[in-house]
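Each chain, letter by letter, is given below.
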Amino acid sequence: GVGGRSSNKKVGKRISFDHGLQYYSTIDNKFKEYLNNLIRKKILKIWEGNHLDFTFKNKVNSKKVIGVKGNNDINKYLLRNIKKNLGKEITNIKFKKTHWEISDKNNKFKAKNIIITFPFEQIKKLAKKYLSRNFLNSRVKMSPNITLLLKQKNKIEIPISSIKLNNNKIISWIANENSKKRFSSTDKYWTIQTTDNYSKKIINKYKKKRNYYSKQIAKEFSNILGFNYSNFKIFKIHGWKYSKNNICLDKKSYWDQKLRIGLCGDWFIGPKAESAWLSAYSLFEKIKKNPPKI
């Protein structure tokens, strides 16, 4: 599906988890107005409720914006009239003067221009021969993240929308999916994301021991909030190998007018969804100023 790390995982027809991006927040005025416009169109909404932050960091804007149906609603809205090829693994790209040839495992496609939004490591692997040496030597180090999706048998209303933890060795973030008011259920549904250090330790081995690591995270979650572990059902554990880059580059995007290839992504600027939007806006400005030469 569309959305990348703003993925929304459906369970049955009603229940859903935002198992990647948790919410949108703003510092930049252009992005703020962009989100406000989508709120007016009822694509997005404010995530109300009790958001507990035990890092005690000062927030410029603490308002949390989410999709009305899921956090990939922006992507679905923008791509509603655009032809899409989903579920394809791109294995090779080749520039042929008049066009690009894009290959997956079974087919080849033609394109006049290419914009790639992959994480930096995947871009280097796919497009290395077409990118400048200076760019390829950029200091980018992506951190992974592990996400666990849980169901809890509990009819008591829990007055918490999210919890941001500090100094816990396993868990960094907890989201109460019921609080987003996309569905109604007496059971409680939780999205749990792990710390950078814990994620780094298990990202390359969790698939072989899914049950073990799922239980380890779930037990830590039950200890934090004092829940009965026997009331949990584990739906999914998912690893984001290239979740975020905490080091900003000296450029916001990449555009080669002659080869007609552009790159953008949050990792140019920072770890937030806003960073991805600002990078895309930067690329848009570059293409508008120096359109492709065909």
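Treat the numbers as computed from the prediction; the structure is a model and nothing was measured.

1. Some remarks on the sheet that holds strand β9 (residues 114-116)
What links the strands of a sheet is backbone hydrogen bonding, and the strands pair in either a parallel or an antiparallel sense.
Consideration 1: Across the sheet, which stays open at both edges, the three strands sit in the order β9-β16-β15 with mixed pairing between neighbours. The outermost strands of the open sheet, each flanked by one partner alone, are β9 and β15 (254-256). Strand after strand, the sheet turns through a mean of 10 degrees between neighbouring axes, direction not considered.
Consideration 2: When β9 meets strand β16 (residues 261-263), the two strands line up parallel, connected through three bridges. Across the sheet, I114 pairs through a bridge with I261, a residue of β16.
Consideration 3: Across the sheet, helix α7 (residues 273-289) touches β9, β15 and β16, and the angle it forms with β15 is around 20 degrees.

2. Here's the deal with the packing of aromatic side chains
Consideration 1: On inspection of all chains with the given rule, the structure shows 26 aromatic pairs.
Consideration 2: Plain terms: the ring middles of F183 and Y189 are 5.6 Å apart, the flat faces sit at 90 degrees to each other, and that makes the pair edge-to-face. In terms of burial, F183 and Y189 fall into one category: buried.
Consideration 3: Site record: aromatic cluster; members linked through ring pairs are F31, Y34, W277, Y281 and F284.
Consideration 4: Sitting over the face of the ring of Y77, R80 holds its NZ or CZ atom 4.1 Å from the ring centroid.
Consideration 5: In this structure, K209 packs its charged tip against the face of Y212, placed 4.5 Å from the ring centre.

3. Comments concerning helix α6 (residues 210-225)
Consideration 1: Here α6 is 16 residues long and its end C-alpha atoms lie 23 Å apart, about the 22 Å a rise of 1.5 Å per residue gives.
Consideration 2: Buried within α6 are the following residues: Y213, S214, I217, A218, F221 and S222.
Consideration 3: Against the buried residues of α6 lie β10 (142-152), β12 (171-176), β13 (188-194), α5 (196-202) and β14 (232-245).
Consideration 4: Just past α6, the residue G226 takes up positive phi, approximately 70 degrees.

Rules and cut-offs
- Residue indices follow the written sequence of each chain, beginning from 1 at its first position.
- Thresholds applied to this predicted model are a pLDDT of at least 70 for local features of residues and 80 or more for the giving and counting of side-chain atom pairs; totals over whole chains, interfaces and linings are not thresholded and use all residues.
- Side-chain metrics in this entry use all non-hydrogen atoms of the structure; hydrogen atoms and water are not considered.
- Two strands qualify as a pair provided DSSP detects at least 2 bridges between them.
- Segments assigned H or I by DSSP are reported as helices when at least four residues long, segments assigned E as strands when at least two residues long, and all are numbered from the N terminus.
- All axes here are fitted lines through C-alpha atoms, helices being fitted over the stretch that makes contact, and every angle between N-to-C directions spans 0 to 180 degrees.
- Whether two residues touch is decided by their heavy atoms; if any such pair falls within 4.5 Å, the residues are in contact.
- Working definition: a ring pair exists when centres of Phe, Tyr or Trp rings (six-membered ring for Trp) sit within 6.5 Å. Plane angles under 30 degrees give stacked, over 60 give edge-to-face, the rest tilted.
- Note on classification: 1.4 Å probe, protein chains only; a residue is buried when its accessible area is under 20% of the maximum for its type, exposed when over 50%, partly exposed between these limits.
- Counting as a charge over the ring demands two things of the Lys NZ or Arg CZ atom: a distance within 6 Å of the ring centre and an angle within 35 degrees of the ring normal.
- Helix span is expected to be 1.5 Å times the residue number reduced by one.

The analysis is restricted to geometry; functional conclusions fall outside its scope.
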